[in-house]
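Spelled out from the first residue to the last, the chains are:
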Amino acid sequence: MPTYIAPVKDTKFVLEQVLQLDRYANIPGFQNASPDVVDAVLTEGGRFVAEVLFPLNHVGDREGCIRHADGSVTTPTGFKEAYRQFVEGGWPTLGMPEEFGGQGMPHVLSTAFEEYLISSNMAFAMYGGLALGAVSAILAKGSQEQKDKYLPRMISGEWGGTMNLTEPHCGTDLGLIRTRAVPNADGSYAITGTKIFISAGEHDLTDNIIHLVLAKTPDAPESSKGISLFIVPKVLVNDDGSLGERNAVACGSIEEKMGIHGNATCVMNYDGAKGWLVGEENKGLTAMFIMMNAARLAVGLQGLSLGEVALQNAVLYARERRQGRALTGPAEPEEKADPLFVHPDVRRMLMEGKALTEGLRALCLWGALQVDLSHKAPTEEERRAADDLISLLTPVIKGYGTDKGYEIATNAQQIFGGHGYIVETGLEQYVRDARISMIYEGANGVQAMDLVGRKLPMNGGRAIQHFFKIIAEEVAAAKQDERLAGFAAALEKANGQLQAATMWLMQNAMQNPNHAGAGAYHYMHILGIVSVGLMWLRMASAAVRMLDAGEGDAKFLEAKLVTARFFAERIMPDAGALRRKIEGGADALMALDPEMFAVG
């Protein structure tokens, strides 16, 4: 059976030495995150997920969720009790506003804990994650009455939450939705329609579930400009906060899925259910994208989290499993065979996993810090800069992060050989669970198009120019230290490839939009490589600084420098090949008639 240990040491290194959270002590919420508090949250959070949630991961995968004849759903054995402990421990409230019962901690700290939560049991983590995503939309666009009525119990974990977008005939193209919202005399709306792929749509963990539903009012435009957002509780809430009648919303079925079996992915039927408008009519997409962007960052974290737990188990297996001899001669002559660790190709997969998981962890946490700063930084200029950065990087964290997380999981399975294909080792579950992260909350191809089509030209390219400036300044500073100069030069070269690709798209995509579509996915990956490369420059710089000061674990810090070198030598060169693919354009890609793909 697999094992999991929360990477507390690495997380603390990023938070304390790379991001240097103590620099933000003057920002609301950060004063609560003293080093002692951060250590306690990470240590106790890591213990909780390893002891309580991780043992249920395999159980949830084997049992799945059960829908009963009355439409109710039972979660896997142990989930309900674990959820009770999760709520009693206050874990859902970490980064939530104190006004509604949260702890008011920085988002970057709650993100660190969320990684551990997902690694231990992704299906379980999704129940609370969807609720907090709904909270973000209500916080931003809900009325004060709606906030007071729903947020305290959603934030505490007493009530769940969902987001209802997709319908049987439309996924990404939300302008095609058919769910209708007809005004009632009391100011509410009657919501009628069917939504599919609704994670945590029905379950037995909470007494109520607050659904956020996209629908169109009777006179709304048929395009995406006619979409409104509604709060539709599973159980209606009385004026005094008590629960009233059951609403006319029900789980029609549970999807039979490739992975995340422990989470109930539901078909939801709304039959005149009572709902209340969130924000303005026909402005629902604005509100929903607040939730979607939060969800996309969380899904990027899923890529890291599943890559991390898969890699941990591959490392243990490679230490213990003996197969063949080292190419340079027996490493352990007294044994009949050497450990897998001696083989360069096994090392390749393990080093790629180490370089990417540690780099993505730093990127996810830096991104979470930008979320904090975009809301709470002391000046408008700082808030704008942080918002620019996280807007630019959200599709990268989601798209590149989940592509690489899945790749790490499949490589970990490969290291196990045939045993990786067997259920009891747990690796095949990580591969299956990781695969959905590349699809939902906007498939990765859509993320790439969002990056190239919206985020690059946004505000005249202000965000990408700011990113280039950060790279240039930090590369120049690092070149002053001969221990960092080689890595800095490699990052500078990769960033040059990114700049060249950016320029090519600017010059060619206008004349033929298919050039943008053909190159967007590769562009997302170049930006992913350079973004993670920036994180490795920062981690290497921190390691050098600590070694010079005689601080920290020398072996841990030296490993950071070796891994940074590996990333520079073995991963950053991919940026050049990706740039050349982009410059290949769309002509050959789009040339064949669809009939030419048919067999025979």
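For the structure itself, look to the data block above.
Everything quoted here is computed from the prediction, not taken from an experiment.

A. Local environment of the pattern of salt bridges. Taken as a whole and assessed by the stated rule, the structure comprises 38 salt bridges. When the shortest N-O distance is used, the salt bridge between K560 and D10 registers 2.5 Å. Taken together, the residues span a long stretch of sequence, with K560 in helix α16 (residues 554-571) and D10 in helix α1 (residues 8-18) at a distance of 550 residues. For the pair shown, K560 and D10 are each scored as buried. The partner of K274 in a salt bridge is D186, with the nearest N and O atoms 2.7 Å apart. Highlighted residues: K274 in strand β11 (residues 265-278) and D186 in the loop between β4 (180-183) and β5 (189-199), separated in sequence by 88 residues.

B. Spatial organisation of unusual backbone geometry. At N282, a residue that is not glycine, the phi angle is positive and equals roughly 65°. Checked against the element boundaries, N282 lands in the loop between β11 and α8 (284-320). In this structure, N459 is a non-glycine residue whose phi angle is positive, near 55°. For N459, the position within the fold is in the loop between α12 (444-455) and α13 (462-478). On the accessibility criterion, N459 (46% relative accessible area) is partly exposed.

C. Spatial organisation of the packing of aromatic side chains. Taken as a whole and assessed by the stated rule, the structure comprises eleven aromatic pairs. For the pair W91 and F113, a centre-to-centre distance of 4.6 Å together with 15° between the ring planes defines the contact as stacked. Highlighted residues: W91 in the loop between α4 (79-88) and α5 (107-120) and F113 in helix α5, separated in sequence by 22 residues. Neither W91 nor F113 differs from the other in exposure class; each is buried. Through a chain of ring-to-ring contacts, the aromatic side chains of F79, Y83, F86 and F124 assemble into a single cluster.

D. The packing of α1 against α16, seen in detail. The N-to-C vectors of α1 and α16 enclose an angle of 70°; their axes lie 12 Å apart at closest approach. The orientation of α1 with respect to α16, classified from their angle, is roughly perpendicular. Where α1 abuts α16, its residues K9, D10 and F13 lie against F556, L557 and K560. Tallied by class, the residues present in the contact of α1 with α16 amount to three nonpolar, no polar and three charged.

Conventions used here
- Residues numbered from 1 in each chain as written.
- Predicted model: local features only at pLDDT ≥ 70, side-chain atom pairs only at ≥ 80, totals over all residues.
- Heavy atoms only, no water.
- Salt bridge = Lys/Arg side-chain N within 4 Å of Asp/Glu carboxyl O.
- Helix = DSSP H or I, 4+ residues; strand = E, 2+ residues; numbered from the N terminus.
- Buried < 20%, exposed > 50% of the residue type's maximum accessible area, 1.4 Å probe, protein only.
- Phe/Tyr/Trp six-rings, centres within 6.5 Å; stacked < 30°, edge-to-face > 60°.
- Axes fitted to C-alpha atoms, helices over the stretch in contact; angles between N-to-C directions.
- Parallel < 35°, antiparallel > 145°, perpendicular 65-115°, else oblique.
- Contact = heavy atoms within 4.5 Å.
- Nonpolar A, V, L, I, M, F, W, Y, C, P; charged D, E, K, R; others polar.

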